[in-house]
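Results of the structural survey
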Amino acid sequence: MVTGEELIAVLAGTPVDTRMGVDCLTAARLGGLAFPLASDPRRQTAFQISSREEKEAAVLGVLRQAMAQGCRKAFVYCNSLSSSVDFGPLAAATGLHIVTPLDVYRALAPRYRRLGLIAANAQGLAGIERTLLSANPALDLLGAAMLPAVESIEAGVPPEELVERHHLPELAEWFRRCGMEALVLGCTHFPYFKEALAARTSLPLIDPAEEMVRKLNEA
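These remarks concern the structure in this document. (Residues numbered from 1 in each chain as written. Predicted model: local features only at pLDDT ≥ 70, side-chain atom pairs only at ≥ 80, totals over all residues. Heavy atoms only, no water.)

1. Some thoughts on the overall build of the chain
In terms of regular secondary structure, the chain is built from twelve helices and eight strands. Computed over its C-alpha atoms, the radius of gyration of the chain comes to 17 Å, within 12% of the 17 Å expected for a compact globule of 219 residues. If you line up the chain on its principal axes, its C-alpha atoms span 50 × 40 × 35 Å. Of all 219 residues assigned to the chain, the portion counted as buried reaches 51%. Here the analysis covers contacts within the chain between residues at least 6 apart in sequence; of these, 76% occur between residues at least 24 apart. (Helix = DSSP H or I, 4+ residues; strand = E, 2+ residues; numbered from the N terminus. Rg over C-alpha atoms; globule rule 2.2 N^0.38 Å. Buried < 20%, exposed > 50% of the residue type's maximum accessible area, 1.4 Å probe, protein only. Contact = heavy atoms within 4.5 Å.)

This is the structure:
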């Protein structure tokens, strides 16, 4: 079991969502160290569309840095990063126990027939779609990429204002009217506006963070 004294490396796209990941662990009485991969959302996207070799080398370097600081587990608090980097071989190479949102989606997929999905970018959409459909090929999916919403979160726009600015209630209603059973918040920035959006839609919202923490505790 993880104790509050053990350090867990938190990898994410930018300093903002990395801090969100650390805060998520802190709320669960776990200790996290922040390791952002980029300085802002657009540089994060640029990193994620770089070559496989570049990405793997960069992430491996970060993981080894985390190990040197005492981390033996990693919490990848970023859907699009999880989608663009194969963490399986990196876990094998380092011996770290690595938990990503995709681990949660594999278990989630068989429970549904139709899901809506919003992500930061198309990298995130594609990776989550691949994971969900590999676990449930019969699943119907509708998706949207929302980098401008991520940038508003990074800028500190209040959740209620953000929900209005980006027409999220209307988008959720579109998913609902299309027959989706739930809406996956496929970016770890998005819990920032979860409560504000939940107050404006009847569509259930799925956030993988709680299940990710449980998986950390099981190791």
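2. Some points on the sheet that holds strand S2 (residues 31–36)
Judged by pairing direction, the sheet is parallel, and its four strands sit side by side in the order S2-S1-S3-S4 without closing on themselves. Across the chains shown, the open sheet's two edge strands, defined by having one partner strand only, are S2 and strand S4 (97–99). In this sheet, adjacent strand axes meet at a mean angle of 25° when their direction is disregarded. Where strand S1 (residues 7–12) and strand S3 (residues 73–76) come together, four bridges link them in parallel fashion. Note on S3: the bridge partner recorded for Ile8 is Lys73. Along the sheet face, helix H1 (residues 15–27) touches S1, S2 and S3 and points at about 170° away from the line of S2. (Pairing = 2+ DSSP bridges. Axes fitted to C-alpha atoms, helices over the stretch in contact; angles between N-to-C directions.)

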